[in-house]
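# Structural characterization, general
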Amino acid sequence: MESFAVIGMGRFGMTLARELYRLGHEVLAVDKDEEICRRVADSVSHAVAADARDEQTLISLGLRNFDHVAVAFAGNIQDNILITLMLKELGVRHVVAKAADDLHVKVLRRIGADRIVFPESDMGARFAQTISAKNIVDYIDLSEDYSIAEAAAPDRWAGKTIRQLDVRAKYGVNILAVKTGGGGQIHVSPGPDYMVRRGDTLVVIGANDDIKELK
């Protein structure tokens, strides 16, 4: 279990926070609106009404101790940049920031944001899957229970064939394609004798719970 703080409980931020909590992580939701915090309180570990633009507030919330902190709003670009900068200066290990446009992305990169996202309003759940699993590259919901995901091949799979790994029987997922480590080739519907290499990315389909086991 990892710890996440999500700042800004708009549609994206609230969905992100709730989905991360549903996935079993510790989640702190932060918003300056007390009523919004009350609404989300039962769906996260903790919800705090606070002004994240104040550095002492960030310190008092202990955000430097979280594994990930997401600045999940982009409507006020100035506040978004200010909070991101303060989080990096406080030593937060991994800061994710939502961006509004290309120029905003450039500024966030310059001040040290570790990950920048252009989410659509309904992408909070999908992004929660990718941010909470280090080896999950991308995630596409097919239904409530099934998804397609790009996942980094576990190191322990290197040097073994798909037949040896018996992925379908042991992990409950099917490999649709393999992207080689350098990204130079894509093997669609690889055969049972394909040998997985370190650095390969697997495109798999299966139940959400089974895909999570690939972490």
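Residues numbered from 1 in each chain as written. Predicted model: local features only at pLDDT ≥ 70, side-chain atom pairs only at ≥ 80, totals over all residues. Heavy atoms only, no water.

### Looking at the nonpolar core
- Residues I7, L58, L63, V69, I83 and L87 are the most contacted members of the largest nonpolar core, which totals 23 residues.
- Broken down by element, this core gets its largest block of residues, three residues, from helix 4 (residues 77-89).
- When residues no more than four places from it in sequence are discounted, the contact partners of V69 are A5, I7, L63, L87, V92, H94, V95 and V96.
- In this structure, V6, M14, A17 and L20 belong to the second largest nonpolar core, which totals 17 residues. (Core = buried A, V, L, I, M, F, W, Y, C linked by side-chain atoms within 4.5 Å. Buried < 20%, exposed > 50% of the residue type's maximum accessible area, 1.4 Å probe, protein only. Helix = DSSP H or I, 4+ residues; strand = E, 2+ residues; numbered from the N terminus. Contact = heavy atoms within 4.5 Å.)

### With respect to the environment of H104
- Within the secondary structure layout, H104 lies in helix 5 (residues 102-110).
- When the C-alpha atoms of H104 and I77 are compared, they prove to be 7.4 Å apart, with 27 residues separating the residues in sequence.
- Apart from the residues within four sequence positions on either side, H104 is in contact with A74, I77, N80, I81, K98 and A99.

### Some thoughts on the pattern of salt bridges
- Applying the stated criterion across every chain yields a total of eight salt bridges.
- Linking R38 and E35 is a salt bridge whose minimum nitrogen-to-oxygen distance equals 2.9 Å. Here the residue R38 and the residue E35 both occupy positions in helix 2 (residues 34-40), the gap between them amounting to three residues, near one helical turn.
- Given a relative accessible area of 53%, R38 falls into the exposed group.
- The exposure class of E35 is partly exposed, given its relative accessible area of 39%.
- Across the pair R163 and D193 runs a salt bridge whose closest N-O atoms are separated by 2.9 Å. Within this pair, whereas R163 is found in helix 7 (residues 162-165), its partner D193 is found in the loop between strand 10 (186-188) and strand 11 (201-207), the two being separated by 30 residues in sequence.
- Each of D51, R53 and D79 takes part in a single network of salt bridges with overlapping partners. (Salt bridge = Lys/Arg side-chain N within 4 Å of Asp/Glu carboxyl O.)

### Re the layout of surface pockets
- As a volume, the largest pocket reaches approximately 190 Å³.
- Along the walls of the largest pocket sit 13 residues, with G8, D31, K32, F73 and I83 positioned nearest its centre.
- Among the secondary structure elements, those contributing two or more residues to the lining of the largest pocket are strand 2 (26-31) and helix 4. (1 Å grid on protein atoms, 1.4 Å probe; cavity = no way out; pocket = protein on both sides within 12 Å on 5 of 7 lines; lining within 4 Å. Points joined across faces, edges and corners; volume = space filled by probe spheres on them.)

### A closer look at the pairing of strand 5 (residues 95-98)
- Of the two faces of strand 5, both are covered, the one formed by V95 and A97 as well as the one formed by V96 and K98.
- Note on the crossover from strand 4 (residues 68-71) through helix 4 to strand 5: the handedness is right-handed.
- Bridge analysis of strand 5 against strand 6 (residues 115-117) gives three bridges, and the strand direction is parallel. If you follow A97 over to strand 6, its bridge partner there is I116.
- The handedness of the strand 5 to strand 6 crossover, carried by helix 5, is right-handed. (Right-handed = clockwise from strand over helix to strand, strands pointing away. Pairing = 2+ DSSP bridges.)

### Comments concerning the side chain of D200
- Along the polypeptide, D200 turns up in the loop between strand 10 and strand 11.
- Although D200 is buried, it makes no salt bridge; R197 carries the closest opposite charge, 4.9 Å away.
- Separated by 2.9 Å, the side chain of D200 and the backbone nitrogen of R197 make a polar contact.
- When near neighbours in sequence (up to four residues on either side) are disregarded, D200 contacts A151, A152, A153, V178, K179, T180, G181, Y194 and M195. (Lys, Arg positive; Asp, Glu negative; His and termini not counted. Polar contact = N/O pair within 3.5 Å; in protein donor to acceptor, adjacent residues only side chain to side chain.)

### Some thoughts on the sheet that holds strand 4
- Taken together, the six strands give an open sheet; going across it, the order is 3-2-1-4-5-6, and neighbouring strands pair in parallel fashion. Looking at strand neighbours, the two that pair on one side only are strand 3 (46-49) and strand 6, the edges of this open sheet. Strand after strand, the sheet turns through a mean of 15° between neighbouring axes, direction not considered.
- Direction of pairing for strand 1 (residues 3-7) relative to strand 4: parallel, over a ladder of four bridges. Paired with I7 across the two strands is V71, which belongs to strand 4.
- Where helix 1 (residues 11-22) meets the sheet, its contacts fall on strand 1, strand 2, strand 4, strand 5 and strand 6, and the angle it forms with strand 1 comes to roughly 165°. (Axes fitted to C-alpha atoms, helices over the stretch in contact; angles between N-to-C directions.)

What is shown is where atoms sit, not what they do.
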